[in-house]
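Descriptive structure summary
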Amino acid sequence: MKKKAIYEGVVERVDFPNKSVVNVSDEEEQALVKGGIPGQKIRFQVTKKRSGRAVGRLLEVVEKSPVEIPPTCVHFGRCGGCAYQNLAYETQLALKEEQVRRLLTPVLTGTEEFLPIKGSPIASEYRNKMEFSFGDEVKNGPLALGMHKKGSFHDIVNVPECQLVDGDFRKILSAILTYFTRENVPFYHKMSHEGYLRHLLVRKGKKTGEILVDLITTSALARKEEDFKEVLLSLDLEGKIVGILHTHNDALGDVVKDEGTTILYGQDYFYEELLGLRFKISPFSFFQTNSLGAEVLYETTREFIGETKEKVIFDLYSGTGTIAQLLAPVATKVVGVEIVEEAVVAATENAKLNNLDNCEFIAGDVLKVIDELKDKPDLIVLDPPRDGIHPKALEKIINFGVNRIVYVSCKPTSLARDLEVLLARGYEVEKVCPIDQFPSTVHVENVTLLTRSEMTKGSI
C-alpha cells in the first residue's frame with residue numbers, strides 16, 4: 001500500500017482500543033485503521049507505514065456490517081464519546097472479550113482460567129459523572145455545551161440526548177446551555193486563551209440520587225452566577241441537587257483543574273453507596289464512574305482475593321479507598337497508597353464514615369512510599385492508572401514475596417506488559433476476568449489473580 005493512497009477493504013477484526021484490522025483485496029498487507037466494526041466495508045486513506053503495516057484514516061463506511069444495528073444515540077457518529085453504539089450489547093461484550101484474549105494469550109501459559117466477560121448491569125444511562133465542555137460546533141458558531149466532536153480537539157458537539165447519562169444530566173445540560181446562550185457569555189478559546197466558560201461537571205449518586213454541579217470558568221469575567229444557581233434549582237429532577245459550585249481555572253491546558261472553588265448552594269460533596277458502604281465524594285476526587293458496574297468489579301476483586309481474616313493487605317493505587325474498605329472488615333489491617341492527596345483525605349473520611357478503624361491511607365507515589373512502609377503484607381491489591389505500574393515500583397512490589405496478588409487493570413495493554421514481568425519473576429496467573437465498566441466505549445477492565453507457591457519464593 002502506498003502512503004496517501006485511498007483503498008477499500010473489509011474489517012477483519014477490531015483490536016484494542018478501537019483499531020480495525022482491514023483486509024484489502026489484491027494487497028498482501030493489512031491496514032490498521034482507527035474506528036469501524038468487524039464486517040464493515042470501509043474506505044480509508046493511508047497516512048503512514050509502520051512496522052511493515054499501513055496505518056490509515058477512516059473516510060467512510062461503504063457497506064454496513066452484518067452485526068451492525070441502528071445506533072441507540074442520535075449523536076453517534078459526530079460525538080467522540082462512544083465507539084460501539086451501533087452494536088448490540090452482547091456483541092460489544094464478545095468483541096471486548098476477544099480483544100483481551102488476543103492481548104493476553106501471548107503472555108499466558110494456557111493453564112490459567114480465563115473467565116467469560118462480565119457486563120455492566122445497565123448498558124445505558126450508567127455514568128455517575130460527566131465533564132461537558134463549552135465551545136462551538138463550527139468556527140464562530142453559536143455556543144455549544146457537550147462532548148468533543150469525533151476526531152477533533154476544538155469542535156464541541158451538543159449532546160442533549162446523550163445515552164451515557166440519565167434524564168437529570170440531560171435536563172441540567174440543556175438548561176445551562178440555554179441560560180448562557182441567552183446571557184451571551186463567551187466560551188474559553190483554547191488557541192487565543194480568551195473567554196470565560198470552560199466546563200460543566202455533573203456528578204450524581206446512582207444509589208442516593210444526590211447531585212453535585214460545578215461550573216468551571218476562567219476568572220475573565222466578574223460574574224457571581226446567582227442566576228445560574230436559580231436556573232438549576234428550578235429544574236424538575238428525579239434526583240436532588242445537594243451542591244452547586246463555581247470553580248476558577250485559568251490554566252492553559254484543556255483539563256478540569258481547581259484553582260479555587262466557591263459554594264453557590266449547599267455543599268461541595270455528595271454521597272454514593274457501593275456494596276453496603278457509603279462514600280463521601282468531592283467534585284474532583286476519583287470514584288468509579290459506573291456505580292452498578294463498579295459493584296461487579298469489586299465483587300469480583302473480593303472473590304479473587306479470597307480469605308482476608310487476620311491478614312495485612314496492601315491496596316496500592318488505592319484512590320478513594322473503595323477496595324480497601326471492602327476488604328477491611330475481617331482483615332487485621334489494610335494500607336492504601338495513593339498519589340492524589342484529595343483522594344487520600346476522602347478515603348480516610350470514608351473509612352470513618354463506615355466505622356472502619358483498621359485502614360491507613362498514605363499520600364504519595366507508590367514508587368517512593370513503598371520503601372517507607374513498616375508493615376509486611378500478606379497479600380497485595382494493585383489498581384494502577386491506565387499506564388500501568390512503573391517498572392521500578394513493580395520490582396519493589398515483587399520483592400515483598402506475597403503469595404497472592406490481585407491486579408485490577410483498566411487498560412489491557414498495560415496489564416499484558418506488567419504480567420510479563422510478574423510471570424518472569426515466579427508468579428503464575430491463576431485466573432483472569434474481563435469486566436465491562438463502560439458500555440458503548442472502547443474501554444474494558446480486567447481482574448487478574450496471580451499466585452506464587454512457597455517453592456518459587458526463593459527466585460525473588
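Note that the structure is predicted; figures quoted are calculated from it, not measured. (Residues numbered from 1 in each chain as written. Predicted model: local features only at pLDDT ≥ 70, side-chain atom pairs only at ≥ 80, totals over all residues. Heavy atoms only, no water.)

**Overview of unusual backbone geometry**
Cis geometry is adopted by the peptide bond preceding proline 17, which originates at phenylalanine 16 and carries an omega value of -10°. With respect to the helices, strands and loops of the structure, proline 17 is situated in the loop between strand 1 (6-15) and strand 2 (19-23). You will see that glutamate 125, though not glycine, has its phi angle at about 55°, which is positive. One can find glutamate 125 in the loop between strand 6 (113-114) and strand 7 (129-136). Positive phi, normally seen in glycine, also occurs at asparagine 140, with a value near 65°. Tracing the chain through its elements places asparagine 140 in the loop between strand 7 and strand 8 (143-148). (Helix = DSSP H or I, 4+ residues; strand = E, 2+ residues; numbered from the N terminus.)

**Observations regarding the environment of phenylalanine 438**
Note on placement: phenylalanine 438 falls in the loop between strand 21 (428-435) and strand 22 (445-451). When the C-alpha positions of phenylalanine 438 and phenylalanine 153 are compared, they lie 22 Å apart, and in sequence the two are 285 residues distant. Filtering out sequence-adjacent residues up to four positions away, phenylalanine 438 remains in contact with Lys96, Tyr126, Arg127, Thr289, His443 and Glu445. (Contact = heavy atoms within 4.5 Å.)

**As for the sheet that holds strand 7**
Pairing is mixed in the open sheet, where seven strands are placed in the order 9-8-7-10-11-12-13. Of all the strands in the sheet, just strand 9 (156-158) and strand 13 (261-266) have a single pairing partner and so form its edges. Neighbour-to-neighbour, the strand axes of the sheet open up by a mean angle of 30°, direction not taken into account. Here strand 10 (residues 197-204) runs beside strand 11 (residues 210-217); their pairing, made up of seven bridges, is antiparallel. Looking at the pairing, valine 202 lines up with valine 213 of strand 11. Lying on the sheet, helix 2 (residues 167-182) is in contact with strand 7, strand 8, strand 9, strand 10 and strand 11; it crosses strand 10 at an angle near 155°. Relative to strand 12 (residues 240-248), helix 3 (residues 226-233) is tilted by about 155°, and along the sheet it contacts strand 10, strand 11, strand 12 and strand 13. (Pairing = 2+ DSSP bridges. Axes fitted to C-alpha atoms, helices over the stretch in contact; angles between N-to-C directions.)

**Description of the packing of aromatic side chains**
Summed over all chains, the structure comprises seven aromatic pairs. The interplanar angle of 55° and the centroid separation of 5.6 Å between the aromatic rings of phenylalanine 279 and phenylalanine 287 together place this pair among those described as tilted. Both residues of the pair, phenylalanine 279 and phenylalanine 287, belong to the buried class. Here the aromatic residues Phe134, Tyr179, Phe180 and Phe228 are joined through ring pairs into a cluster of three or more. Lying across the ring of tyrosine 188, arginine 198 places its NZ or CZ 4.0 Å from the centre. Over the ring of tyrosine 271 we find arginine 278; its NZ or CZ atom is 4.3 Å from the centre of that ring. (Phe/Tyr/Trp six-rings, centres within 6.5 Å; stacked < 30°, edge-to-face > 60°. Buried < 20%, exposed > 50% of the residue type's maximum accessible area, 1.4 Å probe, protein only. Lys NZ or Arg CZ within 6 Å of the ring centre and 35° of its normal.)

**Comments concerning the pattern of salt bridges**
Tallied over the entire structure, the rule returns 27 salt bridges. Notably, a salt bridge pairs lysine 49 with glutamate 29, separated by 3.5 Å at the nearest N-O pair. Remark: glutamate 29 occurs in the loop between strand 2 and strand 3 (31-34) and lysine 49 occurs in strand 4 (residues 41-50); sequence separation between them is 20 residues. With a relative accessible area of 44%, lysine 49 lands in the partly exposed category. Residue glutamate 125 pairs with arginine 170 through a salt bridge whose shortest N-O separation is 2.8 Å. Linking glutamate 125 in the loop between strand 6 and strand 7 with arginine 170 in helix 2, this pair joins segments that are 45 residues apart in sequence. By relative accessible area, glutamate 125 is classed as partly exposed at 25%. (Salt bridge = Lys/Arg side-chain N within 4 Å of Asp/Glu carboxyl O.)

**Comments concerning the pairing of strand 21**
Burial of strand 21 is extensive: six of the eight residues sit out of reach of the surface. Bridge analysis of strand 21 against strand 22 gives seven bridges, and the strand direction is antiparallel. Counterpart to valine 432 in the pairing with strand 22 is threonine 448.

**Examining the sheet that holds strand 2**
Sheet architecture is closed into a barrel: five strands sit in the order 1-2-3-5-4, paired in mixed fashion. Within the sheet, the average angular offset between the axes of one strand and its neighbour, ignoring direction, is 50°. Bridge count for strand 4 against strand 5 (residues 53-63) is nine bridges, and the pairing is antiparallel. Bridge pairing links arginine 50 to arginine 53 in strand 5.

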